[in-house]
Amino acid sequence: MTDVQERPHKKRRFFVDDDEPQQEPEFAAEPSLPDEINTAPEASEHVSHAEQEYTQDVFDPDTFKAVVGGEVPHSAIRSLQKRFSTNLEQAINAYFDGSWRTPSPQKPKPPAVGLKFPRALGREGSSTCSSKENGTTSGKTSPPPALEAMPSTRYIGALGVAGWTTRSGNGLLKPGDNVKIERTKQAMPQKVGRGGRPKQLQRKTQDVIVRFTNMKGEEIGRLEKDNANWISTLVDQKVCSFHGTCVFAPERIRTNDTVYLQLKCYMLKQAFEKGNFIKPLENNRQTGLFETKETTDEQDLRLRQVALVQLFQEINLQPSKVNETTAKHKREGILQAAQVAEQYDNQDATQKAKKSSTPPENGGSSPPSEENEEGEELEQDQLDTLYKKAQSFDFDTPVTEPAETFVMDLRKYQKQALHWMINKEMQQQDSERAAAQSMHPLWEEYLWPGKDADEKDLPHVASQEAFYVNPYSGELSLDFPVQEQTCRGGILADEMGLGKTIEMLSLVHSHTSPEQQAAIAAGGAAAEDSVSSLTRQLKKTDDVISAPATTLVVAPMSLLAQWASEAEKASRPGTLRTMMYYGNEKNANLQTLCSAANAANAPNVIITSYGTVLSEYNSVAALGEGARGRHGGLFSLDYWRIILDEAHMIKNRQSKTAKACYELSAHHRWVLTGTPIVNRLEDLFSLVRFLRVEPWSNFSFWKTFITAPFEKGEFVRALDVVQTVLEPLVLRRTKDMRTPSGEALVPLPAKIVEVEHIQLSQPEREVYDHIYARAKRTFAANVEAGTLMKSYTTIFAQILRLRQSCCHPILTRKKEVVAEEDAAEEAADIANGLADDMDLVTLLAKFQAEEGEQDASKFGTNVLKQIQDEANMECPICSEEPMEEQSVTGCWHSACKKCLLDYIEHQTQKNEVPRCFNCREPINARDVFEVIRHEPDDAEDEDVDNSIVAGHRLTAAIDADGEDDNEDLYSSTQPFKPDAKPKAAARISLRRVNQLSSAKINILITHLKKLKKAEPQTKVVVFSQFTSFLDVLGPALTGASIHYLRFDGSMSQKERARVLTDFANRTKFSVLLISLRAGGVGLNLTCAKRVFMMDPWWSFAVEAQAIDRVHRMGQTEEVKVTRLVVGNSIEEKMLRVQDRKKFIASSLGMMSDEEKKMQRIEDIKELLS
Amino acid sequence: MAAPLPKRIIKETERLQSEPVPGISAEPHEENARYFDVKVDGPSGSCYEGGEFQLELFLPDDYPMCPPRIRFLTKIYHPNIDRLGRICLDVLKNNWSPALQIRTILLSIQALLGAPNPEDPLNEAVAKQWKENQPEAIKTAREWTTLYAQKK
């Protein structure tokens, strides 16, 4: 019906175009889309046009009179002007519906005085109005009986609208006739439009046509687009129904004539029913599983929101009660948000102008703007300004001493943090009580009108004077929306290293729930009690139950162990029960464990990972209704407190992790992060959303007052608002803050960073030079060909290889090293790049001495005995006694390793064939073996630590108390078995001295040996960005009898935790090999005090961050850092690049990928110069 | 002498004092511990028997990588020792090994006195005489010993 009717109708409209040239281009532009004609004005006295034409402060009284068509008293006009200023349309509506007489906009109820509303209308007007009045009177007015409950529909107001006819004929519609307002959705979009152009598939969503029919059910016409837009939404979403009355219609109606209708609006009862509205994020299932559906839901929500606000504006219904804070912003208003959305869509529309003009508010071809926009990035200085406010920390803030169960010493600023946090939690409790009567800040109260547009009394509903609207979500309610508990926590944004964890733990100890206090007071009694209550609890409940004694800590996996150990360290033994809830260890039913009844035994701190939260969220979502409780996991409890550590993990509000975290419920909610805003204002929103800070946690509200202004360029305004949001929420101190007396907030012991320049050995230098020449050739060739950007990866891969060859030449042959690097495509490059390079292969062969799997039979009994015997003798060369790093030649003569190698070197330099110092047999540097003696202590370690066993070429067991006649004891083939041999047995093994060694490794080992001798309890951290280098370092350390542990990204959480604990607990000299990447975030390695940086990174900041793992709060001793850098190599040049970078204000993080590449190319130019 | 004395030299010196080799003595100079005054007795049964030969011995900086430098101060008639006292001995040259010590070197020298090797001469004239007329040569050596190498 629609299309058939529209075509002829359109032709007529082209006729009309002659009268209205200004409409022409619009129509001409979209001839194929009939339903997009958004206005149907024809005469200049059109109300909607009148509005546009007046730009003065008030509307023009003459126009007004022309429209209402008669004499209007000046006083009435003045009063209308005063209230509606330029908005002629509203004024006319108000005039007709009588609400203009209302003395204040706060009381939309028309005063009970007089029924003089339609007086003195013009010839047309008077007749229409009176008849209309008659019509409605008959239809609607009745004595006002008090109803018991909300009727199925309830009147809220009336408005005047214009419509245009789609038919012609006589007497189709008379003024005063009732008309029906209908929505008929088009079934399917047309396949082909006029001119054969395909129609937009989204057309269905653009359908906003609202028809009106006469009482016979014949379609007369349609409402004008302006109003149809929102009316269609309200009708579609079953919020309102409309009853129309014709106010004016020409006697003979021709198609496209304008008619005026009065619409009475009735709210539908079902609109207030809960569940009728989709509340996004309230239901796990929806958000968890139907990700795509959510977009439409949100779109509906947004449409309804805008429609409701427009409705209230049109019927001039003002809220009777608004929250103060919200009201402050209200004036700029929700419609601004709509405008913004409109702008988005219009921009969108102009981009796609050829296809269609997207009607505003209807989303059209783009999903609702809030769904896909990510927000603009903040400039650094904007970020600084923001932080500055939050950082103006008052050093005179009172302090609070932690509870005595907390055994760590807090610094003053930490006690201040405790004070602030307890205050936050307590204050909020008080205000919660006060909030019992106060309305939720996002909601507005509206009074039901007592009289209708015709001043007739309306039925009164008992105890329902008002209804409530949330203009930010479009939700409606008949019940008073009590302000939910607002934020009961905050953002602890102290800079890394200031001890956020400790501060939080002091809070855990110092502010407990009344239930927990009661449980502690009850002591044993409660414990007994819990047995019986446990059984009660066993029947599973679907509800979320309270866990009053429990704080949930959510942290990145790498920090779980640290939380657990810090919690233990900070607490008097037995005062804090902590529980890891992770991976396989989550077998407990948390509900049973943490219920109020079990408060005396419940874990006080549950530590879990973001991954666990996410996976439980998914499984709860999959289970459906009531699953939270039944699941018995993290989501089944209402915690006393939740702490999100490194909370920037949830900075993307659309990520599942963020959504999962929002769903966790608790009394107090805290987030810890050193960077509340990483680079977008939306980052902060997600935190606020988690904290449930009303009204800011409503994204629509946030968008209206922060995102939208910011994107419109009103930075100051947006940032001001953000500051108001942040100020009460955030506590942030930085390391470089100083007390008024000038002391550092955290006095840390000194940190000494030294660069040690290393000379490559000759064979290493050859490899290096070879790769260097290659890289330079490639670079030059590409510069010449102008293909620098294209061959970026190739060049970069070669630079990478150069850097590796500085560490150890054989690294350049390892593929896995690429995993550490930026671009994955380098993998192929490295694998293929040098494969055909025979020169390099030859050079490298020197480092890959054939595996030392020498036939064990070579090592005869006597030899092993001899070696064993000689072990404690003095070195024949330097007379050191016993020998240092006893090594043997191929002919089994022992000396210190250094002496032996020095001598070989000495002879080689004289161009002599090296010969054994003892028997003058020709010897070879590669055939020098170091004798590794395994002390019983190390052997024990091996049982727990496989690393030491690894990489041994040849193992021989020797009984230290050896019986000479027992041949077997000296059998070189017999492996050492810890349980078979007593501890007295010393095991030796021989390891090729020159294998797996490089200048860098040698220097490191030398340093470590010296250290071990001088400070046998020191712990050392060795960083490298190449895990493959760590692979090589491990055996080298073993060879030097240096205990080491390893920590890298490939390890499971459990392994990591074990490594960190082992390292911290070891009393003897120990080395932690750690990859630069894995060690970047959060780790606490303050038990070490020496750091070796094996290779430079592009920016020193990354290295500095790694160093800060050791040099951070808790470090009590001076930290010495040695950066090993190969002299006269790319590494030295990288240091120069690092220095230069310090002066570039914006870090690499702020650059685009392309810019980064450019930057790197610059770097490479410098490196290859 | 900037560098401290290597442990090896100290130990050798100490041991030369504490466990002296019969017929050999080596005393370091007070002002230079790398410089030794050496006295070697002529081996019994040889033409140098009864003589006490003085030598000077110097340990270079790269000792023990390099052999010590050693020279007869006492005039001696020997095919492998030239007029300046320089000694032709493989272990002092190509066959040096850091495992050798002052003590072993001096023993080698003593042995060299007992077994002159005219086939590898340093002093051609003496070597010639030794090969052509050994009794005469031995006689001269005895005379020289009496003449120059009398114990004081």
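Keep in mind that this is a model prediction, so the values were computed, not measured. (Residues numbered from 1 in each chain as written. Chains lettered and ligands numbered in written order. Predicted model: local features only at pLDDT ≥ 70, side-chain atom pairs only at ≥ 80, totals over all residues.)

### Concerning the overall build of chain B
In step 1: Within chain B one finds four helices and four strands.
In step 2: When its helices and strands are written in sequence order, chain B yields α-β-β-β-β-α-α-α.
In step 3: The 152 residues of chain B split such that 34% are buried. (Helix = DSSP H or I, 4+ residues; strand = E, 2+ residues; numbered from the N terminus. Buried ≥ 20, exposed ≤ 12 C-beta atoms within 10 Å, placed from the backbone.)

### Re helix 28 (residues 715-726) of chain A
Residues and elements named next belong to chain A.
In step 1: With 12 residues, helix 28 should cover 16 Å at 1.5 Å per step; its first-to-last C-alpha distance of 16 Å lies within 8% of that length.
In step 2: Looking only at helix 28, the buried set comprises A718, L719, V722, V725 and L726. Seen end-on, helix 28 carries its buried residues on one side only, within an arc spanning 110°. (Expected span 1.5 Å × (residues − 1). Arc of directions from axis to C-beta.)

### What about the interface of chain A and chain B?
In step 1: Contacts between the two partners involve 11 residues from chain A, matched on the other side by nine residues from chain B.
In step 2: Here the side of chain A that touches chain B is composed, by residue class, of five nonpolar, three polar and three charged. (Contact = placed C-beta atoms within 7 Å. Nonpolar A, V, L, I, M, F, W, Y, C, P; charged D, E, K, R; others polar.)

### Digging into unusual backbone geometry
In step 1: Here the amide bond leading from Y63 of chain B into P64 of chain B is cis, since omega sits at 5°, within 30 degrees of zero.
In step 2: Non-glycine residue S879 of chain A carries a positive phi angle of around 70°.
In step 3: Relative to the assigned elements, S879 of chain A resides in the loop between helix 33 (861-870) and strand 23 (886-888).
In step 4: The class of S879 of chain A is buried, set by 20 C-beta atoms lying within 10 Å.

### Focus on the pairing of strand 19 (residues 637-644) of chain A
All names here are of chain A.
In step 1: The buried count for strand 19 comes to seven of eight residues, which makes it a mostly enclosed element.
In step 2: Where strand 16 (residues 545-555) and strand 19 come together, seven bridges link them in parallel fashion. By the bridge assignment, I545 is partnered in strand 19 with L637.
In step 3: Two strands pair when backbone bridges link them, and strand 19 and strand 20 (residues 665-672) are joined in this way by six bridges, in the parallel orientation. Opposite I642, over in strand 20, you have R669 as the bridge partner.
In step 4: With respect to chirality, the unit in which strand 19 leads through helix 25 (residues 656-663) into the neighbouring parallel strand 20 is right-handed. (Pairing = 2+ DSSP bridges. Right-handed = clockwise from strand over helix to strand, strands pointing away.)

### Remarks on the UniProt feature "active site" (unreviewed entry) in chain B
In step 1: Within the UniProt annotation, "active site" (unreviewed entry) is assigned to C88 of chain B.
In step 2: Leaving out residues up to four positions away in the same chain, C88 of chain B has contacts with N80, D120 and L122 of chain B. (UniProt positions renumbered as here; feature names shortened; annotations may be inferred.)

### What about the sheet that holds strand 6 (residues 219-223) of chain A?
Residue and element names in this part refer to chain A.
In step 1: Strand order in the closed barrel formed by six strands is 2-6-5-4-7-9, and the pairing between neighbours is antiparallel. Here the strands of the sheet are splayed against their neighbours by 40° on average, with no regard to which way each runs.
In step 2: Across three bridges, strand 4 (residues 178-182) lies against strand 5 (residues 211-213) in antiparallel orientation. Bridge pairing in strand 5 links E182 to R211.
In step 3: Its contacts with the sheet place helix 9 (residues 225-236) against strand 2 (153-165), strand 6 and strand 7 (240-248), and it is angled at close to 105° to strand 6. (Axes fitted to C-alpha atoms, helices over the stretch in contact; angles between N-to-C directions.)

### Examining the nonpolar core
Residue and element names in this part refer to chain A.
In step 1: Membership of the largest hydrophobic core comes to 157 residues, with the highest contact counts inside it found for L644, C661, V1021, V1022 and L1072.
In step 2: Per element, the largest residue contribution to this core is eight residues, and it comes from helix 30 (residues 792-807).
In step 3: A domain split of this core shows at least three residues from each of domain 1 (401-433 + 490-731) and domain 2 (748-785 + 794-807 + 996-1169).
In step 4: If you look at the next biggest cluster of nonpolar residues, it comprises 54 residues, including V179, F242, A249 and F312. (Core = buried A, V, L, I, M, F, W, Y, C linked by C-beta atoms within 7 Å. Domains from an automatic or database assignment.)

### Concerning the sheet that holds strand 20 of chain A
All names here are of chain A.
In step 1: If you walk across this open sheet you meet the seven strands as 17-18-16-19-20-15-21, and the pairing is parallel. Because the sheet does not close on itself, it has two edges, and the strands there are strand 17 (578-581) and strand 21 (730-731).
In step 2: Sheet topology note: the strand 15 (residues 490-492)/strand 21 ladder contains two bridges and is parallel. Within strand 21, the position partnered with L492 by the bridge is L731.
In step 3: The strands touched by helix 21 (residues 557-570) within the sheet are strand 16, strand 17 and strand 18 (605-609), with strand 18 carrying the most contacts at an inclination of about 165°.

### A short note on helix 4 (residues 134-148) of chain B
For an α-helix, 3.6 residues make a turn, and residues three or four places apart therefore share a direction.
All names here are of chain B.
In step 1: Its 15 residues place the ends of helix 4 21 Å apart at the C-alpha level, agreeing with the 21 Å of an ideal helix rising 1.5 Å per residue.
In step 2: Listed as buried for helix 4 are A137, A141 and T145. Around the axis of helix 4, the buried residues are gathered within 80° of arc, so they sit on the same side. Set apart from the buried face of helix 4 by more than 90 degrees, the exposed residues are P135, E136, E143, T146 and L147.

### Side note on the packing of helix 18 (residues 500-510) of chain A against helix 21 of chain A
All names here are of chain A.
In step 1: At a minimum axis distance of 10 Å, the contact between helix 18 and helix 21 shows a crossing angle of 55°. Put simply, helix 18 runs oblique to helix 21. Considering how the two elements wind past one another, helix 18 and helix 21 form a crossing that is right-handed. Across the interface between the two elements, T501, I502 and L505 of helix 18 pack against W563, E566, A567 and A570 of helix 21.
In step 2: Across the contact of helix 18 with helix 21, the residue classes break down as five nonpolar, one polar and one charged. (Parallel < 35°, antiparallel > 145°, perpendicular 65-115°, else oblique. Left-handed = near helix turned anticlockwise from the far one by under 90°.)

### What about the confidence of the model for chain B?
In step 1: Of all residues in chain B, 97% have pLDDT values of 70 or greater, and the mean over the chain is 88.
In step 2: Note on the complex model: pTM 0.44, ipTM 0.87. (pLDDT = per-residue confidence, 0-100.)

### Notes on the pairing of strand 2 (residues 35-41) of chain B
All names here are of chain B.
In step 1: By the alternation rule, side chains of strand 2 split into F36, V38 and V40, which are all buried, and Y35, D37, K39 and D41, of which none is buried.
In step 2: By the bridge criterion, five bridges tie strand 1 (residues 24-28) to strand 2 in an arrangement that is antiparallel. Within strand 2, the residue paired with S25 across the bridge is K39.

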